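# A structural walkthrough
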Amino acid sequence: MTSKTSYPKAKINVVLVESIHPRANDLFKAEGFQVQSMAGAPDARKLASLVADAHVLGIRSKSDVTPAILAAAPKLLTVGAFCIGTNQIAIDEACKRGVPVFNSPFSNTRSVAELTIAEAIGLHRGLGDKTIQMHRGDWDKSAAGSHEVRGRTIGIVGYGHIGSQVSVLAEAMGMRVVFFDIISKMALGNARMVRSLKELLEVSDIVTLHVPATKQTQGMIGKSELARMKKGSFLINNARGSVVDVVALAAAMKSGHIAGAALDVFPDEPAAKGEKFESPLQGLANVFLTPHVGGSTEEAQEAIAEDVCDKLIKFVNIGSTTGAVNVPEVELPEQLIRDGARTVRPHRILHFHKNVPGVLSKMHTLIANMNANISAEYLRTNEEVGYVVLDVDPSDGEAIRKKLAEIPETIRVRVLW
Ligand code: NAI
């Protein structure tokens, strides 16, 4: 093994803002990186000064990583959004600079699924209203309108990460599961795929939505879909506010056709904590309203920290961009090669370039002229940039890096050894 490394890990500076879960701090430190963490979202000026020397930046949803912030961070290799959305980051500009952005879209799957099951039971037992009555001092002991979920049919719309997890948990509770998805999905356990949303609505005692916000899912559950649902059935929306017409839902509940609903997401959500929330569903019987907290648990925060850290560390250490939201995804497995009697790690070139014809052939010529043999290579492109990872037999890594940096189309190049 070569003992000298291209860049000492102890010189990699990680800046974490917005009280990212402490697990992130531990994982970066275990990797040997320097970590600076702070609570709260810094303003633009403070963030610009924090990133001036940073190789890795970790944020949550409240820090705006604008083109100006990226310009103020000449050493920045990558950005981690320790949350789901990446709207707060100028991801296209980051792509043009060869800075991959990673997030964690699926670490809160279990949290949403558990809330959904809790709501399914809560709606069948009228738990929300009973609790309010008890707080008011009313003792309304009665079995009327209360049901077990065992044996009831749950209809899952969208059988992705969350929908399929709900399927497993619901079956464990003895529920019958039907699901509808636009993509043909393998049914878990005894779940049954139905051919249309119409069929799902007609057979389900409880309908739960787990689809993304798209043009197709906009207003997916409106007046006619609600009318198609069984009389006395329930609706759960823990997906996105745009999926349900809440005015039509309120009307269907007032008429007694829909017996209860649980909503965690709304067409108009307050922008910040403390802002007033208004909905036509307020004050109706057997309705759970929660402030978009389906995925908000401490376990999910920790899982997000682990997921994003893994992606950032893999990019810094071996150049893998799997899971990046803005650059081509490339993952070249690590390999060992023979060098005489020794087994050695190849030198790894990570090269972001403008996606124009001829760049790869310039690189190949240059590498061949330096007598460096290529042992593995993986290129992918998007409209703007190409990203290629090449393993070459150990040679003068720094000289190769300098030469590749001179290619006019090069955006960014690193050589790891
Ligand atoms: P996913 O991408 O794993 O699954 C979505 C599924 O919906 C896919 O199988 C897809 O094929 C299917 N689908 C898309 N359009 C459809 C249509 N028109 N009809 C039927 N199926 C359709 O997504 P995941 O992680 O399961 O998330 C589901 C939803 O939950 C998303 O809207 C997400 O934003 C939301 N979510 C809400 C949270 C909360 O705090 N309440 C937290 C996390 C996710």
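Below is a short write-up of the structure. Keep in mind that this is a model prediction, so the values were computed, not measured. (Residues numbered from 1 in each chain as written. Predicted model: local features only at pLDDT ≥ 70, side-chain atom pairs only at ≥ 80, totals over all residues. Heavy atoms only, no water.)

So, on to the side chain of serine 104. Tracing the backbone through its elements, the reader meets serine 104 in the loop between β5 (101-102) and α5 (109-125). A distance of 2.5 Å separates a polar atom in the side chain of serine 104 from a polar atom in the side chain of serine 107. (Helix = DSSP H or I, 4+ residues; strand = E, 2+ residues; numbered from the N terminus. Polar contact = N/O pair within 3.5 Å; in protein donor to acceptor, adjacent residues only side chain to side chain.)

Among the secondary structure elements, methionine 363 is positioned in helix α12 (residues 359-369). Once the C-alpha coordinates of methionine 363 and histidine 351 are considered, the two residues, twelve residues apart in sequence, prove to be 9.5 Å apart. What methionine 363 contacts, discounting residues up to four positions off in sequence, is His351, Val388, Leu390, Leu404 and Ile407. (Contact = heavy atoms within 4.5 Å.)

Let us now look at the nonpolar core. If you look at the biggest cluster of nonpolar residues, it comprises 33 residues, and the most contacted ones within it are Val14, Leu16, Ala24, Phe28 and Phe82. It is helix α11 (residues 298-318) that provides the largest number of residues to this core, a total of eight residues. Both domain 1 (10-107 + 298-324) and domain 3 (332-417) contribute no fewer than three residues apiece to this core. Discounting chain neighbours no more than four positions away, the residues touching phenylalanine 82 are Leu16, Ile20, Ala24, Phe28, Gly58, Ile59, Arg60, Ile304, Ala305, Val308, Cys309 and Leu312. Listed in part, the 30 residues of the second largest apolar core include Leu209, Val243, Ala248 and Val287. (Core = buried A, V, L, I, M, F, W, Y, C linked by side-chain atoms within 4.5 Å. Buried < 20%, exposed > 50% of the residue type's maximum accessible area, 1.4 Å probe, protein only. Domains from an automatic or database assignment.)

All right, on to the pairing of strand β7 (residues 176-180) then. A regular strand places its side chains so that they alternate between the two faces of the sheet. Counted residue by residue, β7 has four buried out of five residues, so it is predominantly covered. Inspection of the sheet shows strand β6 (residues 153-157) paired to β7 by five bridges, in the parallel sense. Bridging from a neighbouring strand, isoleucine 156 pairs with phenylalanine 179 of β7. Between β6 and its parallel partner β7, the chain crosses via helix α7 (residues 161-172), and the hand of that crossover is right-handed. The sheet contact formed by β7 and strand β8 (residues 192-193) spans two bridges and is parallel. Within β8, the residue paired with valine 178 across the bridge is arginine 192. (Pairing = 2+ DSSP bridges. Right-handed = clockwise from strand over helix to strand, strands pointing away.)

This paragraph deals with the sheet that holds β8. Taken together, the seven strands give an open sheet; going across it, the order is β8-β7-β6-β9-β10-β11-β12, and neighbouring strands pair in parallel fashion. What marks the edges here is a single partner per strand, and that holds for β8 and β12 (287-289). Sitting on the sheet, helix α10 (residues 246-254) touches β10 (233-237), β11 (258-263) and β12, and the angle it makes with β11 is about 145°. (Axes fitted to C-alpha atoms, helices over the stretch in contact; angles between N-to-C directions.)

A few words on the environment of lysine 354. With respect to the helices and strands, lysine 354 occurs in strand β15 (residues 347-354). Taking the C-alpha atoms as reference points, lysine 354 and leucine 263, 91 residues apart in sequence, are found 45 Å from one another. Other than its neighbours up to four places away in sequence, lysine 354 contacts Val359, Glu384, Gly386, Pro408, Glu409 and Ile411.

In the neighbourhood of the ligand, 25 residues make up the surrounding shell, with His161, Ile162, Asp181, Lys185 and Val211 lying closest. Taking aspartate 181, its side chain carries an N or O atom lying 2.6 Å from an oxygen atom of the ligand. Between a nitrogen atom of the ligand and a side-chain N or O atom of aspartate 264, the distance comes to 2.9 Å. In isolation the ligand has 870 Å² of accessible area, and contact with the protein removes 87% of it. In the shell around the ligand, the residues fall into eleven nonpolar, ten polar and four charged. (Near = heavy atom within 4 Å. Areas by Shrake-Rupley, 256 points an atom, 1.4 Å probe, with all protein chains shown as cover. Nonpolar A, V, L, I, M, F, W, Y, C, P; charged D, E, K, R; others polar.)

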